[in-house]
Amino acid sequence: MSNPIYPFRLGIQTILPEDYRERAFQQRLELLQKFGFSGIELNMVQPERIDPADLQGMLANHGLRMTMFASGATANAEGRSLSHEEEAVRLASVRRCIELVDFAAEFDAGIIVGYLKGGPGQEPRRAAGQFRDSLGRLEPHVRARQVPFLVEATNHYESPVANSLQDAADLLQGFENPYLRVLPDTYHMNMEESSMFGALVKHAGLYDSLHISDNNRFFPGLGAIDFYGLLRFLKEIGYNGRVAIEVNIRDSFEEDLGVSMKLLQPMLQLLSEGE
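What you are looking at is a predicted structure, and each value in this text was computed from that prediction instead of being measured.

Here is what the cut-offs are and how they apply
- Residue positions within a chain follow its written sequence, with the count starting from 1.
- With the structure being a predicted model, the display of local features is reserved for residues of pLDDT at least 70 and the display and counting of side-chain atom pairs for 80 or more, all residues being used for whole-chain, interface and lining totals.
- Side-chain measures were taken over the full set of non-hydrogen atoms in the model, leaving aside hydrogen atoms and water.
- Two strands qualify as a pair provided DSSP detects at least 2 bridges between them.
- Labels follow the DSSP assignment, with helices taken as runs of H or I lasting at least four residues and strands as runs of E lasting at least two, numbered in each case from the N terminus.
- Axis lines are fitted to C-alpha atoms, over the contacting stretch for helices. Their N-to-C directions set the angle, which ranges from 0 to 180 degrees.
- Here a pair means two rings of Phe, Tyr or Trp (six-membered ring of Trp) with centres within 6.5 Å. Their orientation is stacked below 30 degrees between planes, edge-to-face above 60, and tilted elsewhere.
- Here the term buried applies to any residue with accessible area under 20% of the maximum for its type, exposed to any over 50%, and partly exposed to those in between, with areas from a 1.4 Å probe on protein chains only.
- Should the NZ of a Lys or the CZ of an Arg lie within 6 Å of a ring centre and within 35 degrees of the ring normal, that charge is described as sitting over the ring.
- Under the convention used throughout, the expected extent of a helix is 1.5 Å for every residue step, that is, one less than its residue count.
- It only takes one pair of heavy atoms within 4.5 Å for two residues to be counted as in contact.
- Assignment of crossover handedness uses the view with strands pointing away from the viewer, where a clockwise path from the first strand over the helix to the second indicates a right-handed crossover.
- Any carboxyl oxygen of Asp or Glu within 4 Å of a side-chain nitrogen of Lys or Arg constitutes a salt bridge here.

### A few points about the sheet that holds strand β2 (residues 39-43)
Strand order in the open sheet made by the eight strands is β6-β5-β4-β3-β2-β1-β8-β7, with parallel pairing throughout. Each end of this open sheet is capped by a strand with a single partner; those strands are β6 (180-183) and β7 (209-212). On average, adjacent strands in this sheet sit at an angle of 30° to one another, irrespective of strand direction. Bridge count for strand β1 (residues 9-15) against strand β8 (residues 242-245) is four bridges, and the pairing is parallel.

Right under this line is the structure:
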């Protein structure tokens, strides 16, 4: 099966079911292959129960590879926080994060740090300092394993740490580690940035993966964001990284993806033809 040609490598984030060889999940992968996706970001609660070689082979059969380990499910299930007020919780979270980095390395993938930053309710400056302290403990292992470690800029309702791309960039200053990156997300940027395009240009050297979802957190096309303008802008500034969909479901994964790709696919194909 020949895949559509897009100007960006297209990915999507989803939860890996415990029995990931169940037919329903296989059908989801077949649908992603049909639409020309090449990468998948996987959320899983207990990654140590996964056989990396088995999962890699199954994804490869559908033209996919795990590009990112999404740490949110693990962080939520285990109560992990890299900015927690209690040092014992932070240290336990650092140890767990080291294990997750090792897991991601098995797939030659990165790790996304969103919920792991810590939840709402803390004083932002103090939380950011505690996060940087945790990052200092993690940074040597990230460098040694050569695993991209993406600090996601998320809105202030979800975390006091790294709400804007500038906030995320400030947290990485001084480490001089090429594997420490920021992760823009259009849903969060729509709330936190005065200029989405301005922020993307300013920090262009710090990201090579970008999350897209609409202003209501649903699939692109189910809200109000101008995604053709965004994708055209990314091409104009020479962006050649991944574009990954991370969303909530409105009706069903299959229905929402189908509606979204009716919007995105012509845009991407037009841009690949030089528009």
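There's more to say after this.
### Overview of the packing of aromatic side chains
Applying the stated criterion to the full structure yields six aromatic pairs. Each ring, one from Phe-197 and one from Phe-233, has its centre 4.2 Å from the other, and the planes form 5°; the classification is stacked. With Phe-197 in helix α8 (residues 196-202) and Phe-233 in helix α9 (residues 227-236), the pair connects residues that are 36 residues apart, well separated along the chain. A relative accessible area of 34% places Phe-197 in the partly exposed class. Lying over the aromatic face of Phe-253, Arg-28 brings its terminal NZ or CZ to 3.9 Å of the ring centre. Lying across the ring of Phe-35, Lys-34 places its NZ or CZ 5.3 Å from the centre.

### Comments concerning helix α4 (residues 87-105)
When the terminal C-alpha atoms of α4 are compared, their 27 Å separation across 19 residues agrees well with the 27 Å that a helix rising 1.5 Å per residue should span. Turning to α4, its buried residues are Arg-90, Ala-92, Ser-93, Val-94, Arg-96, Cys-97, Leu-100, Val-101, Phe-103, Ala-104 and Ala-105. On the buried face of α4, the contacting elements are α2 (52-60), β3 (65-70), α3 (72-78), β4 (110-113), α5 (124-145) and β5 (149-152).

### Describing the pairing of β1
Counted residue by residue, β1 has five buried out of seven residues, so it is predominantly covered. Sheet topology note: the β1/β2 ladder contains five bridges and is parallel. Within β2, the residue paired with Gly-11 across the bridge is Gly-39. One crossover worth recording links β1 to the parallel β2 by way of helix α1 (residues 23-34), and it is right-handed.

### A closer look at the pattern of salt bridges
Considering all chains together, one arrives at 15 salt bridges under this definition. Three or more residues are tied together by salt bridges with common partners; here these are Glu-48, Glu-78, Arg-80, Arg-96 and Glu-99.

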